[in-house]
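# Tertiary structure, described
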Amino acid sequence: MSQTFYASSKIDRHSDFRSDAKILNKIMIDDKTKFVPIWNGKNLFQQVNEKIEAYLLNKEDLRLIVPNDIVNPIFLGVADNTNYIGLDLNENNSEFNLWIEKKSIIIDDLRKFGPTLNEVEASFLALTSGMFYWHNTHKFCGFCGSKNTSAEGGFVRICSNSSCRKSHFPRTDPAIITLISSGDRVLLGRSPRFPEGMYSTLAGFVEPGESLEQALEREVFEEVGVRVENIRYFNSQPWPFPASLMLGFFAEAKHEGMRIDYNEIEDAQWFSIDQLRSLKHPAISGEFKLPRVDSIARRLVDTWMANFN
Ligand SMILES: [Zn+2]
């Protein structure tokens, strides 16, 4: 099976370190610790010999742009005996603009370079993005409205009101994504937000009190009016852009006739296996494109094609 992007198995989150202030303090001052920065929800990159790489802060960078104590660091985990800390530069910078210019830092969306990056670094960048999105959208307690403060290495936010003290945990929103087939054809749709010409598998968020299978049946029927059967789980992919967990499924259509809801999607079509094979060669695919290689949507399509006989 092809790689699950943004979920490297080489990372150990070491959740036991989160509540150990002694270890966390040691990690913060250790010269070998790597700091994963974020700026306005975006990641930092640098071009190194024709290749784009993630830019992680070294001690000298920290001295320059984070002269005071680091505010709200997140202990991300350990890989290859190195500790990684996430850092929101919006809360910490002083000489930021000068520094990015001097270093030719590129600030951009991780998904633009994700598939070409080192697997461990891409996963830490994704984790950092998702975690700070949660911190920045949960500054206040949802029960009493008081300020929350970061705790447990950044994996809990606790209400500062002494008569409340509710704990808040990072949130991930489950979404189903499904490849629907009928014989040698698959159903792909496009949202107006997609890059031009791109068609992908159908997806949607799971609602409270709903099973994954029910969410799948509902979303597919809402978007294209197709009833499905033989729902089979494939695998999952974190998609913290900003806070989703994609749960991939295969399903078979009971009928090919569609009733497209144009408020939800722009178009949907049945693609034959031969069409899909030609889509993999952009030079001959014309106006259609498959989803990006770092997505579970693409792995659903590729896996279905590989298993088709
Ligand atoms: Zn509260």
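Numbering of residues starts from 1 in each chain and follows the order in which that chain's sequence is written. Note on the predicted model: pLDDT of at least 70 is required for a residue's local features to be given, and 80 or more for side-chain atom pairs to be given and counted; whole-chain, interface and lining totals, by contrast, use all residues. Hydrogens are left out, water is left out, and the side-chain values use all remaining heavy atoms of the structure.

## As for the sheet that holds strand β7 (residues 148-151)
Defined as follows: Strands are labelled as partners when DSSP assigns at least two bridges between them. The helix count covers DSSP runs of H or I at least four residues long, the strand count covers runs of E at least two residues long, and both are numbered beginning at the N terminus.
Spatial ordering of the open sheet is given by β7-β8-β9, a layout of 3 strands whose pairing is antiparallel. Strands at the two margins of the open sheet, each flanked by one partner only, are β7 and β9 (167-168). Inspection of the sheet shows strand β8 (residues 156-159) paired to β9 by 2 bridges, in the antiparallel sense. Within β9, the residue paired with I158 across the bridge is S167.

## Comments concerning the coordination of the zinc ion
Cut-off, in case you're wondering: Only nitrogen, oxygen and sulfur atoms qualify as donors, provided they sit within 2.8 Å of the metal or within 3.2 Å for Na, K and Ca; with water excluded from the atoms, sites may seem incomplete. Site shape is set this way: if four donors have all angles between 85 and 135 degrees, tetrahedral; if opposite donors are over 155 degrees apart and all others between 65 and 115, square planar for four donors and octahedral for six; otherwise irregular. To sort residues, take the accessible area from a 1.4 Å probe on protein chains only and compare it with the maximum for the residue type: under 20% means buried, over 50% means exposed, and anything in between is partly exposed.
Those donors, C141 (SG), C144 (SG), C159 (SG) and C164 (SG), are the protein atoms that reach the zinc ion, and they lie 2.3 to 2.4 Å from it. Its 4 donor atoms give the zinc ion angles of 96 to 115 degrees at the centre, a pattern that matches the tetrahedral case. Sequence positions of the donors to the zinc ion reduce to the motif C-x2-C-x14-C-x4-C. Since its relative accessible area comes to 5%, C141 is described here as buried.

## Describing the layout of surface pockets
The following threshold applies: Buried and open spaces are told apart on a 1 Å grid over the protein atoms alone, a cavity being a set of points where a 1.4 Å probe fits but cannot get out and a pocket being an open set with protein on both sides within 12 Å along at least five of seven lines. Residues with an atom within 4 Å of a point are the lining residues. Grid points are joined across faces, edges and corners, and a volume is the space filled by probe spheres set on the points. Classes in brief: Ala, Val, Leu, Ile, Met, Phe, Trp, Tyr, Cys and Pro nonpolar; Asp, Glu, Lys and Arg charged; the others, Gly included, polar. An automatic or database domain assignment supplies the start and end points of every domain.
Taken as a whole, the largest pocket encloses approximately 880 Å³ of empty space. Along the wall of the largest pocket there are 32 residues; nearest its centre are R193, F194, A203, W239 and M246. In terms of residue count, the dominant contributor to the lining of the largest pocket is strand β12 (residues 202-205) (4 residues). For the lining of the largest pocket, the class distribution of residues is 17 nonpolar, 8 polar and 7 charged. In this structure, the second largest pocket spans a volume of roughly 440 Å³. Surrounding the second largest pocket, 21 residues form its lining, R13, L127, T172, P238 and P240 being those nearest its centre. When contributions to the lining of the second largest pocket are tallied by element, the ones reaching two or more residues are α6 (119-137) and β14 (244-253). When residues of the lining of the second largest pocket are assigned to their parent elements, the largest contribution, 6 residues, is made by α6. When grouped by side-chain class, the residues that make up the lining of the second largest pocket number 14 nonpolar, 5 polar and 2 charged. Of the domains in this structure, domain 1 (15-137) and domain 2 (173-307) are the two that each give at least three residues to the lining of the second largest pocket.

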